[in-house]
Amino acid sequence: MKNSSIHLFILILLFTIFQGCTNSGAFIASNQTNVNLEEGNFHIVAANVSGSAESGYILGFSYGYGVLANTIAIARVDGTGMLYSDAIASLWEQYEEEHGSIEGKKLALTNVRYDTDIVNAFIYTKVKVMVRADVVVFE
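Engineer: Please provide a residue-by-residue account of the side chain of Thr-71, values included.
Structural biologist: With respect to the helices and strands, Thr-71 occurs in strand β3 (residues 68-78). Looking at Thr-71, its side chain comes within polar contact range of the side chain of Ser-62, at 2.9 Å.

Engineer: Describe the environment of Ala-133, naming the residues involved and giving the relevant values.
Structural biologist: Tracing the backbone through its elements, the reader meets Ala-133 in strand β5 (residues 124-138). For Ala-133 and Ala-46, which are 87 residues apart along the polypeptide, the C-alpha to C-alpha distance reads 8.6 Å. Excluding anything up to four places from it in sequence, Ala-133 contacts Ala-47, Asn-48, Val-49, Leu-91, Leu-109, Thr-110, Asn-111, Val-112 and Arg-113.

Engineer: Tell me about a negative patch on the surface, residues and numbers included.
Structural biologist: Where like charges cluster on the molecular surface, the negative patch consists of Glu-93, Glu-96, Glu-97, Glu-98 and Glu-103. One can find Glu-103 in the loop between α2 (83-99) and β4 (107-120).

Engineer: Just give me the short version of the pattern of salt bridges, but keep the residues and values in it.
Structural biologist: Under the criterion given, the structure shown has 1 salt bridge. Across the pair Lys-126 and Glu-54 runs a salt bridge, and its minimum N-O distance is 3.6 Å. Note that Lys-126 is positioned in strand β5 and Glu-54 in strand β2 (residues 42-65), a separation of 72 residues in sequence. Since its relative accessible area comes to 29%, Lys-126 is described here as partly exposed. A relative accessible area of 32% places Glu-54 in the partly exposed class.

Engineer: Account for the pairing of β2, naming residues and giving values.
Structural biologist: As defined by bridge partners, β2 adjoins β5 across 14 bridges and the pair is classed as antiparallel. Within β5, the residue paired with Phe-42 across the bridge is Phe-138. The sheet contact formed by β2 and β3 spans 9 bridges and is antiparallel. Within β3, the residue paired with Tyr-57 across the bridge is Arg-76. Remark: 2 residues form the turn of the hairpin made by β2 and β3, two consecutive strands paired antiparallel; Gly-66 in that turn has positive phi of roughly 65 degrees.

Calculation notes
- Residues numbered from 1 in each chain as written.
- Predicted model: local features only at pLDDT ≥ 70, side-chain atom pairs only at ≥ 80, totals over all residues.
- Heavy atoms only, no water.
- Helix = DSSP H or I, 4+ residues; strand = E, 2+ residues; numbered from the N terminus.
- Polar contact = N/O pair within 3.5 Å; in protein donor to acceptor, adjacent residues only side chain to side chain.
- Contact = heavy atoms within 4.5 Å.
- Patch = residues over 30% accessible without salt bridge, like charges linked within 9 Å, V, L, I, M, F, W, Y side chains within 5 Å.
- Areas by Shrake-Rupley, 256 points an atom, 1.4 Å probe, with all protein chains shown as cover.
- Salt bridge = Lys/Arg side-chain N within 4 Å of Asp/Glu carboxyl O.
- Lys, Arg positive; Asp, Glu negative; His and termini not counted.
- Charge placed at Lys NZ, Arg CZ, Asp CG, Glu CD.
- Buried < 20%, exposed > 50% of the residue type's maximum accessible area, 1.4 Å probe, protein only.
- Pairing = 2+ DSSP bridges.

From the geometry alone we can't say anything about function, so treat these as descriptive.
Written as structure tokens, this is what we have:
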């Protein structure tokens, strides 16, 4: 009877652990867009525009490697978990506050930089992703 109780406890514990949250970094893609920068048909409209997003988790661990931030945890208690998407959206919101709407403009992000700030405690982990870029407009 005691052996079956231990097995049941381990089974429940494993089930609980694998029901948790996981968050794994940015979508890194390569674009094949050709832009001729020799013609001078562009200029920088904003330098060092930034945005950030964060998420908090219980009973987990977070780590970063290069531009990726990874989290393995039982449950998310703060934020959306879509850190890179939310950070880019925050960047564009900041741009719009200072320079107006982006609708209908030919804008591109250049010199994009990602930073992460991670706090790991035994019962809580928090990940913050910051994005910084220059905004270029094409005429």
